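# Structural characterization, general
Here is what each chain is made of, one letter per residue.
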There are 2 protein chains.
Amino acid sequence: MPRVVAEREDVLPTLAEIFREHGFEGASLSLIGRRTGLGKSSLYHFFPGGKEEMAAAVLKNIEAWFEANIFLPLEKEADPHRALENMLRAVEAYFQSGRRVCLVGALALGDARDRFAEPIRAYFARWRDTLAEALQRAGLARADAKDLAEEAIAALQGALVLARALDDPGVFRRTLNRLKARLPARARPMRSA
Amino acid sequence: MPRVVAEREDVLPTLAEIFREHGFEGASLSLIGRRTGLGKSSLYHFFPGGKEEMAAAVLKNIEAWFEANIFLPLEKEADPHRALENMLRAVEAYFQSGRRVCLVGALALGDARDRFAEPIRAYFARWRDTLAEALQRAGLARADAKDLAEEAIAALQGALVLARALDDPGVFRRTLNRLKARLPARARPMRSA
DNA sequence: GTCTATAGATCGATAGAC
DNA sequence: GTCTATCGATCTATAGAC
């Protein structure tokens with residue numbers, strides 16, 4: 001890899017951080033150019049559709065990461081309890097224990113929600129459905145599984161909002177602990193929750 | 001009241017809706033002028049500090065509304081169970097059953113979070129603390145009350161994110177029901193939760 | 001207090017040389 | 001592919017007449 005930025009893919013993580021920090025409207029092309037080290041011409045070479053294509057590519061990239069690292073493992077792991085534990089661990093790492101906001105959630109509340117309504121909806125729907133399916137395999141009734149899946153995802157998103165608002169990552173950590181305690185537990189000879 | 005807009009106070013609700021819909025950066029002065037029916041000069045007459053002063057005034061207005069309609073009732077209502085029920089009812093009405101986003105939460109995730117960090121922090125801290133105090137009066141241990149207060153506020157914020165993302169207000173309604181079931185219940189001869 | 005007009009900066013996007 | 005230069009639009013904010 002002779003260059004820092006060899007392909008379009010290489011700038012996506014930087015773009016994601018910029019959109020996370022400044023939102024869609026707040027991420028100006030001059031700021032993007034400065035942070036990526038690319039001139040406007042290079043950016044338009046990689047993303048002919050401009051800023052909107054950049055954000056769409058970032059969303060697609062995030063979707064793909066969650067698909068590979070969260071959703072598919074939730075579906076494929078034979079042991080549902082292990083699948084749930086793995087999800088929480090991956091989520092904690094991804095959101096850096098609450099110091100990193102969820103770009104999809106931020107876009108859902110922010111200025112560009114209409115522009116990306118469909119990928120935003122699909123991301124959360126997929127998460128909710130795979131989580132509900134895993135909870136069902138872990139022993140919950142279908143209705144309870146759907147309800148807990150929705151509650152868990154809302155709790156995570158709310159924790160990211162609150163952690164950011166209070167500037168206290170502990171909110172996210174405590175939320176993960178509450179979720180761990182509420183998910184169907186392995187049958188073990190230990191104290192009850 | 002001879003005019004539609006007689007005072008600075010009169011435009012605050014409209015400004016709040018604009019910031020809710022477009023975020024801070026997305027709310028341009030031309031858009032604000034169109035929606036409020038005020039020219040730029042009038043806006044700068046009311047808000048010499050420009051857009052930043054408009055958003056600060058809106059935040060202060062929201063703070064005052066919650067202080068009067070949520071926080072003080074939580075503190076003053078003698079019956080803690082009734083206080084909690086009142087809070088949930090007021091919250092449901094304010095957020096229009098999930099169709100209206102929380103501007104404070106949206107700002108916390110969005111572009112202008114650093115600009116308004118202190119009022120955002122104060123709003124959520126005040127809510128968390130008054131709720132925890134009411135829960136303690138309702139019989140919970142101090143640590144449990146603080147934990148449940150944080151969980152409840154995060155759940156509400158997350159529900160607003162998810163309801164918006166999935167375009168399904170049912171998420172918010174179901175979250176309120178879950179919270180109702182989890183708050184300390186009145187002593188009644190009924191089924192357990 | 002509200003109007004028109006506009007300053008001055010920055011926006012997203014493009015052209016053309018190399 | 002990346003550079004410089006720049007377009008026209010839009011931005012926040014202000015000036016000055018009324």
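Report on the accompanying structure. Numbering of residues starts from 1 in every chain and runs along the sequence as written. Chains and ligands are labelled by the order in which they are written, letters from A for the one and numbers from 1 for the other. pLDDT decides what is reported in this predicted model: residues at 70 or higher carry local features, side-chain atom pairs at 80 or more are listed and counted, and totals for whole chains, interfaces and linings draw on all residues regardless. Side-chain calculation: all heavy atoms of the structure are included, whereas hydrogens and water are not.

### Here we look at the protein's contact with DNA strand D
Counted only if it meets this: Neighbouring residues are identified by heavy atoms, a residue being near a molecule or strand if any of them is within 4 Å of it. Counting of polar contacts relies on pairs of N or O atoms within 3.5 Å, with two restrictions inside protein: one atom must be capable of donating a hydrogen and the other of accepting it, and residues adjacent in sequence are counted only when both atoms are side-chain atoms. Helix numbering and strand numbering both begin at the N terminus, where a helix is a DSSP run of H or I of at least 4 residues and a strand a DSSP run of E of at least 2. Think of it as three bins: nonpolar holds Ala, Val, Leu, Ile, Met, Phe, Trp, Tyr, Cys and Pro, charged holds Asp, Glu, Lys and Arg, and polar takes everything else, Gly as well.
Taken together, 15 residues surround DNA strand D, and among them Ser-41 of chain A together with Leu-29, Lys-40, Tyr-44 and Lys-51 of chain B come closest. The sugar-phosphate backbone supplies 61% of the atoms of DNA strand D found within 4 Å of the protein. Between a phosphate oxygen of DNA strand D and a main-chain N or O atom of Leu-29 of chain B, the distance comes to 2.6 Å. Broken down by secondary-structure element, the contributors of at least two residues to the surface near DNA strand D are helix H3 (40-46) of chain A together with helix H2 (29-36) and helix H3 (40-46) of chain B. For the surface near DNA strand D, a count of residues per class yields four nonpolar, eight polar and three charged.

### Regarding the pattern of salt bridges
Put simply, the rule reads: Here a salt bridge means any side-chain nitrogen of Lys or Arg lying within 4 Å of a carboxyl oxygen belonging to Asp or Glu. A 1.4 Å probe rolled over the protein chains alone gives each residue an accessible area, and that area as a share of the maximum for its type sets the label: buried under 20%, exposed over 50%, partly exposed in between.
Under the defined criterion, the tally for this structure stands at 36 salt bridges over all chains. One salt bridge in this structure joins Arg-121 of chain A and Glu-118 of chain A, with 3.1 Å as the shortest N-O distance. On the criterion of helical spacing, the pair formed by Arg-121 of chain A and Glu-118 of chain A is a turn pair, its members being three residues apart in helix H7 (residues 117-137). Given the relative accessible area of 46%, Glu-118 of chain A is considered partly exposed. A salt bridge links Glu-67 of chain B to Arg-126 of chain B, with the shortest nitrogen-to-oxygen separation between them at 2.6 Å. One end of the pair, Glu-67 of chain B, is in helix H4 (residues 51-76); the other, Arg-126 of chain B, is in helix H7 (residues 117-137), with 59 residues separating them in the sequence. Overall, Arg-126 of chain B belongs to the partly exposed group, its relative accessible area being 25%.

### Points about the side chain of Arg-20 of chain B
Stated precisely, the cut-off is as follows: Any two residues having at least one pair of non-hydrogen atoms within 4.5 Å are treated as being in contact.
Checked against the element boundaries, Arg-20 of chain B lands in helix H1 (residues 8-26). There is a polar contact of 3.2 Å between the side chain of Arg-20 of chain B and the side chain of Glu-17 of chain B. Discounting chain neighbours no more than four positions away, the residues touching Arg-20 of chain B are Leu-109 and Arg-113 of chain A together with Ile-62, Tyr-94, Arg-100, Val-101 and Leu-103 of chain B.

### With respect to the packing of aromatic side chains
Inclusion rule: Stacked, edge-to-face and tilted labels apply to pairs of Phe, Tyr and Trp rings (six-membered ring for Trp) whose centres lie within 6.5 Å, assigned for plane angles under 30 degrees, over 60, and everything in between, in that order. By definition here, charges over rings are those cases where NZ of Lys or CZ of Arg is within 6 Å of the ring centre and within 35 degrees of the ring normal.
All told, the structure shown has 30 aromatic pairs over all chains when counted by the stated rule. Taking the centre distance of 4.8 Å and the plane angle of 35° together, the rings of Trp-65 of chain B and Tyr-94 of chain B count as tilted. A residue pair is termed long-range when its members are at least 10 positions apart, and Trp-65 of chain B in helix H4 and Tyr-94 of chain B in helix H5 (residues 80-94) qualify at 29 residues. Exposure remark for Tyr-94 of chain B: the relative accessible area of 11% places this residue in the buried category. A connected cluster of aromatic rings, assembled from ring pairs, spans Trp-65, Phe-66, Phe-71, Tyr-94, Phe-95, Tyr-123, Phe-124, Trp-127 and Phe-172 of chain A. In this structure, Lys-51 of chain A is placed above the aromatic ring of Phe-24 of chain A, and the distance from its NZ or CZ to the ring centre is 4.9 Å. The ring of Tyr-94 of chain A has Arg-100 of chain A sitting right over it, with the charged end atom 4.6 Å from the ring centre.

### Side note on helix H8 (residues 142-166) of chain A
Residue and element names in this part refer to chain A. Threshold: In this analysis, the expected span of each helix is defined as 1.5 Å times one less than the number of residues it contains.
The terminal C-alpha atoms of H8, which comprises 25 residues, lie 36 Å apart, in line with the 36 Å expected from a rise of 1.5 Å per residue. The element H8 is largely enclosed, with a buried count of 19 among its 25 residues. Note on H8: the residue one or two positions beyond its end, Asp-167, has a positive phi of about 55°.

### Section: the nonpolar core
Stated precisely, the cut-off is as follows: Within this scheme, the nonpolar core is defined by two criteria: the residues are buried Ala, Val, Leu, Ile, Met, Phe, Trp, Tyr or Cys, and they are joined through side-chain atoms within 4.5 Å.
Ranked by size, the top nonpolar core spans 137 residues in total, and within it Phe-95, Trp-127 and Leu-131 of chain A together with Phe-95, Trp-127 and Leu-131 of chain B carry the most contacts. Beyond its immediate stretch of four places on either side in the chain, Trp-127 of chain A contacts Phe-66, Ile-70, Phe-71, Met-87, Val-91, Phe-95, Ile-153, Leu-156 and Gln-157 of chain A. Counting eight residues, the second-largest nonpolar core is a separate cluster that includes Ala-106 and Val-161 of chain A together with Ala-106 and Val-161 of chain B.

### Some words on the relation of the copies chain A and chain B
Definition in use: Superposition of the copies used a least-squares fit over C-alpha atoms from residues whose pLDDT is at least 70 in both.
Placing chain A over chain B gives an RMSD of 0.0 Å and needs a rotation angle of 180°, together with 0.0 Å of translation along the axis. A rotation of that kind, with that shift, is consistent with a two-fold axis. Minimal C-alpha distance to the rotation axis in chain A is attained by Gly-158 of chain A, lying at 1.8 Å. Interface overlap between copies is the fraction of interface residues in one copy that are interface residues in the other; for chain A against chain B it reaches 100%, indicating a shared surface.

### Here's the deal with the side chain of Thr-175 of chain B
Its location among the elements puts Thr-175 of chain B in helix H9 (residues 170-182). In this structure Thr-175 of chain B touches Ala-155, Leu-156 and Ala-159 of chain B, once residues within four positions along its chain are discounted.

### So, the interface of chain A and chain B
The criterion, for reference: The term buried area denotes the loss of accessible surface (1.4 Å probe radius) that occurs when two parts are joined, taken as the sum for both partners.
On the side of chain B, 36 residues touch chain A, which itself brings 36 residues to the contact. Overall, the association of chain A and chain B removes approximately 3200 Å² of surface from exposure, summing both partners, and the carbon and sulfur fraction of that is 62%. At the boundary of chain A and chain B, one finds ten salt bridges. In this structure, the salt-bridge partner of Arg-178 of chain A is Glu-150 of chain B, at a minimum N-O distance of 3.7 Å. Across the chain A-chain B interface, the total number found is eight residue pairs in polar contact (both at pLDDT 80 or more). Taken together, the elements giving at least two residues each to the side of chain A that touches chain B come down to helix H1 (8-26), helix H6 (103-109), H7, H8 and helix H9 (170-182) of chain A. Looking at which element gives the most residues to the side of chain A that touches chain B, the answer is H8 of chain A, with 14 residues.

### Overview of the packing of helix H8 (residues 142-166) of chain B against H9 of chain B
For any two helices packed against each other, one specifies the inter-axial angle together with the distance between the axes. Residue and element names in this part refer to chain B. Let me state the cut-off plainly: Note on geometry: axes are C-alpha line fits, over the in-contact stretch for helices, and angles between N-to-C directions span 0 to 180 degrees. Put simply, angles under 35 degrees are roughly parallel, angles over 145 are roughly antiparallel, angles from 65 to 115 are roughly perpendicular, and the rest are oblique. Helix crossings fall into two classes, left-handed where the near helix is turned counterclockwise from the far one by less than a right angle and right-handed where it is turned clockwise.
Following both chains from N to C, one finds H8 and H9 inclined at 165°, their axes separated by 8 Å at the closest point. Classified by the angle between their axes, H8 and H9 sit roughly antiparallel to one another. Crossing geometry of H8 relative to H9 is assigned as right-handed. Each of Leu-148, Glu-151, Ala-152, Ala-155, Leu-156, Ala-159, Leu-160, Leu-162, Ala-163 and Leu-166 in H8 lies in contact with H9, whose residues at this interface are Val-171, Phe-172, Thr-175, Leu-176, Leu-179 and Arg-182. Classifying every residue of the contact of H8 with H9 by side-chain character gives 13 nonpolar, one polar and two charged.

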